[in-house]
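# Summary of the model geometry
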Amino acid sequence: MKIAPLVERPDLVAQVAAWGFAEWGHLNPGETLEQRVVRIRGKMNVDRIPVAFVALDDADDIVGTASLIFDDLEGDPRNPWLASVFVLPTHRRKGIASALVRAVEATARRLGYSRLYLFTSTAPDLYAGLGWRPLERRDYRGEHIQVMDRML
Ligand SMILES: CC(C)(COP(=O)(O)OP(=O)(O)OC[C@H]1O[C@@H](n2cnc3c(N)ncnc32)[C@H](O)[C@@H]1OP(=O)(O)O)[C@@H](O)C(=O)NCCC(=O)NCCS
């Protein structure tokens, strides 16, 4: 398994968009799959935010994704954010999400940030195990979320 920036694999934009649309479409009400594809294409960077990453198996097939983005929670002034962490169900519990999180952290650090944020409704334990600190809990677009941060 290896982690690569999405810009190295433009052929995977559609898959990343499809996963995100199915998993988090409700958090971006009104956004179509086609609009999400355009947004994901905008994450094909390495030296500036936003940056999307893909996890690739030994056959170079995509098994996961994660992103470093500037804003995530609407109206929240904090930035930047780790977002859109997703691993193919058949490949979970093998450390792939952890490797994606570390890649996003390293990139944020390289780009000069000393603190990174995320919010999650599903996996606070994953991030706590990677050294993230719980901040506030709140309701956001129909979900009960935990905001977390990590000093880089
Ligand atoms: C959450 C998700 C990204 C985890 O991916 P993963 O590759 O399985 O995670 P890792 O293997 O790196 O897990 C590392 C540790 O996190 C914890 N963890 C991971 N998934 C967990 C879960 N569903 N429940 C509880 N703990 C979990 C475990 O401690 C795990 O270590 P272990 O397997 O040695 O016990 C994956 O289940 C997923 O894509 N879920 C759907 C999308 C989602 O909820 N994304 C998170 C949005 S913030």
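Since the structure is predicted, the reported quantities are computational estimates derived from the model, not experimental observations.

In the vicinity of the ligand lie 18 residues, with Val85, Arg93, Gly95, Ser98 and Thr122 positioned nearest. For the ligand, an oxygen atom lies 3.3 Å from a polar atom in the side chain of Arg92. Between an oxygen atom of the ligand and a main-chain N or O atom of Gly95, the distance comes to 2.7 Å. Given that more than half its atoms are within 2 Å of the pocket grid, the ligand belongs to the largest pocket. Going through the elements one at a time, helix H1 (13–24), strand S4 (81–87), helix H3 (96–110), strand S5 (115–120) and helix H4 (124–129) are the ones with two or more residues in the shell around the ligand. Across the shell around the ligand, the residue classes break down as 10 nonpolar, 4 polar and 4 charged.

We now examine the side chain of Glu31. In this structure, Glu31 sits in the loop between H1 and helix H2 (33–41). For Glu31, a relative accessible area of 17% puts it in the buried group. Reaching out from Glu31, the side chain makes a polar contact with the side chain of Arg36 at a distance of 3.4 Å. If sequence neighbours within four positions are ignored, Glu31 has contacts with Phe21, Arg36 and Arg39.

Turning next to empty space enclosed by the protein. Inspection of the entire model under this criterion finds 1 cavity of 30 Å³ or more. When its volume is computed, the largest cavity comes out at roughly 60 Å³. In terms of lining residues, the largest cavity is bounded by Val16, Gly20, Trp24, Arg36, Ile40, Lys43, Thr65, Ser67 and Ser84. Those elements that place two or more of their residues in the lining of the largest cavity are H1, H2 and strand S3 (62–69). The element contributing the most residues to the lining of the largest cavity is H1, with 3 residues. Tallied by class, residues from the lining of the largest cavity come to 3 nonpolar, 4 polar and 2 charged.

What follows deals with the layout of surface pockets. Picture a little ball the size of a water molecule; that probe, rolled over the atoms, points out where space is still empty. Empty space within the largest pocket amounts to approximately 1000 Å³. Along the walls of the largest pocket sit 38 residues, with Trp24, Ser84, Val85, Thr122 and Tyr127 positioned nearest its centre. Put simply, the parts of the chain that give the lining of the largest pocket at least two residues each are H1, H2, S4, H3, S5 and H4. Considering every element that reaches the lining of the largest pocket, the biggest residue donor is S4, with 6 residues. Of the residues in the lining of the largest pocket, the class split is 18 nonpolar, 9 polar and 11 charged.

Further remarks concern the packing of H1 against H2. The contact between H1 and H2 brings their axes to 9 Å, and the two run at 125°. Relative to H2, the element H1 lies oblique. Here H1 runs over H2; the crossing is right-handed. Contacts between H1 and H2 pair Val13, Val16, Ala17, Ala18, Gly20, Phe21 and Trp24 from the former with Leu33, Arg36, Val37, Ile40 and Arg41 from the latter. Of the residues contributing to the contact of H1 with H2, the split by class is 9 nonpolar, 1 polar and 2 charged.

Glancing now at the pairing of S3. Counting buried positions along S3 yields 8 of 8 residues, so the element is predominantly enclosed. Sheet analysis places strand S2 (residues 51–56) next to S3, joined by 6 bridges and oriented antiparallel. Pairing of Ala52 across the sheet is with Ser67, part of S3. A loop of 5 residues connects S2 with S3, the two strands running antiparallel in sequence, and Asp60 in this loop sits at a positive phi of about 65°.

What counts and what doesn't
Residues numbered from 1 in each chain as written. Predicted model: local features only at pLDDT ≥ 70, side-chain atom pairs only at ≥ 80, totals over all residues. Heavy atoms only, no water. Near = heavy atom within 4 Å. Polar contact = N/O pair within 3.5 Å; in protein donor to acceptor, adjacent residues only side chain to side chain. 1 Å grid on protein atoms, 1.4 Å probe; cavity = no way out; pocket = protein on both sides within 12 Å on 5 of 7 lines; lining within 4 Å. Sits in = over half its atoms within 2 Å of the grid points. Helix = DSSP H or I, 4+ residues; strand = E, 2+ residues; numbered from the N terminus. Nonpolar A, V, L, I, M, F, W, Y, C, P; charged D, E, K, R; others polar. Buried < 20%, exposed > 50% of the residue type's maximum accessible area, 1.4 Å probe, protein only. Contact = heavy atoms within 4.5 Å. Points joined across faces, edges and corners; volume = space filled by probe spheres on them. Axes fitted to C-alpha atoms, helices over the stretch in contact; angles between N-to-C directions. Parallel < 35°, antiparallel > 145°, perpendicular 65-115°, else oblique. Left-handed = near helix turned anticlockwise from the far one by under 90°. Pairing = 2+ DSSP bridges.

This is a description of form; function is not addressed.
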